[in-house]
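Structure assessment
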Amino acid sequence: HADGVAAFADVAAGRYQMRVESAGFAQVEEVVVRERGMQEVAVELLPGADLYVRVEDPAGLPLPKVQIVAHPVDPALAGKAVERTRSTDDSGRAIFAGLAPGAWVVDYRAASAPGGIANPFGGGDGAEAAKPTRTGVPVLLTPGQTEEITLHATGLSLPTVLVKRRGAGVNGAEVRIEAASGGSNPFGGGFSGAGTRTDPNGRARMQPVEPGAFEVVVVPGEGLPERREKVDLVAGVQEVEVDVRGG
């Protein structure tokens, strides 16, 4: 309402996760214990801070399709702010709008070979169980602040897949990366990695992954069957060639 009061009727006693959002202010999340009778919960909203994150490879080139994690570490944010995730766009950028003022740690995650998604902060649910791999970049945000940082991704495999047929690149082939046969699926669900399509030269720039054993899956189209190639992806830039000639 105009007086800043929101009323909820017939709420049973118990524990609830409350989230409060308003344009221009930091989102607040906290656990509320509902007791019997009339109860009022006061929430203070502060102007949110906007954080722009750019991810670059060791050569300074932007990295798309990288998951960025902003994790609240300020004791004052305990129980009021939760971990936020975004994926970088084609320019290697991700935007976190309306973060709560305070101390945060920002880092990136990449898909891994069997073992789940690498979580730099530890914890997480079963799909994200993995040992910390990085320490992250600390950021101190103030109300209404706009901050921009750059993360330099090191230790990741940056694969490109070249699909060829009769010596020429195949345009528009669907390409994805899966965990090697017999391993767990690093991306979760039935569909493996985030798929993409080859450009006119037959190349597809894939999502950065943790080094390990994978299978490159190519669906070339034009009535040709799916092609799978096992590959060990190493840290750094790597091109994998898949020839779909003859089947």
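Our subject is the structure listed above.
Below is a short write-up of the structure. (Residues numbered from 1 in each chain as written. Predicted model: local features only at pLDDT ≥ 70, side-chain atom pairs only at ≥ 80, totals over all residues. Heavy atoms only, no water.)

Once that is clear, we can look at the overall build of the protein chain. In terms of helices and strands, the protein chain carries zero helices and 17 strands. Within the protein chain, buried positions represent 39% of all 247 residues. Taking the intrachain contacts of the protein chain between residues at least 6 apart in sequence as the baseline, contacts between residues at least 24 apart amount to 61%. With an accessible surface of roughly 13,200 Å², the protein chain has 51% of that area assigned to carbon and sulfur atoms. (Helix = DSSP H or I, 4+ residues; strand = E, 2+ residues; numbered from the N terminus. Buried < 20%, exposed > 50% of the residue type's maximum accessible area, 1.4 Å probe, protein only. Contact = heavy atoms within 4.5 Å. Areas by Shrake-Rupley, 256 points an atom, 1.4 Å probe, with all protein chains shown as cover.)

Another aspect to go through is the sheet that holds strand β5 (residues 84–87). One open sheet holds the four strands; their spatial order is β5-β4-β7-β8, and the pairing between them is antiparallel. Edge strands, defined here as strands with exactly one partner in the open sheet, are β5 and β8 (137–141). With direction set aside, neighbouring strand axes in the sheet form an average angle of 25°. Two elements, strand β7 (residues 102–109) and β8, share five bridges in a ladder whose sense is antiparallel. If you follow Trp104 over to β8, its bridge partner there is Val139. (Pairing = 2+ DSSP bridges. Axes fitted to C-alpha atoms, helices over the stretch in contact; angles between N-to-C directions.)

Here the focus is empty space enclosed by the protein. A complete count under the given rule lists two cavities of 30 Å³ or more for this structure. If you add up the space inside the largest cavity, you get close to 60 Å³. Lining the largest cavity are 11 residues, with Gln27, Ala81, Val82, Arg84 and Trp104 positioned closest to its centre. Of all elements in the fold, only β2 (28–34) and β6 (93–99) reach the threshold of two or more residues within the lining of the largest cavity. Partitioned by chemical class, the residues of the lining of the largest cavity number six nonpolar, two polar and three charged. (1 Å grid on protein atoms, 1.4 Å probe; cavity = no way out; pocket = protein on both sides within 12 Å on 5 of 7 lines; lining within 4 Å. Points joined across faces, edges and corners; volume = space filled by probe spheres on them. Nonpolar A, V, L, I, M, F, W, Y, C, P; charged D, E, K, R; others polar.)

The next subject is the nonpolar core. Grouped together as the largest cluster of nonpolar side chains are 25 residues, with contacts concentrated most on Leu51, Val53, Ile68, Trp104, Val106 and Leu151. If you tally residues by element for this core, the top one is strand β3 (residues 49–56), at four residues. Beyond its immediate stretch of four places on either side in the chain, Val106 contacts Leu51, Val53, Ile68, Val69, Ala70, Gly136, Val137, Val139, Ile149 and Leu151. Val170, Val175, Leu224 and Val242 belong to the second-largest nonpolar core, a separate cluster that totals 18 residues. (Core = buried A, V, L, I, M, F, W, Y, C linked by side-chain atoms within 4.5 Å.)

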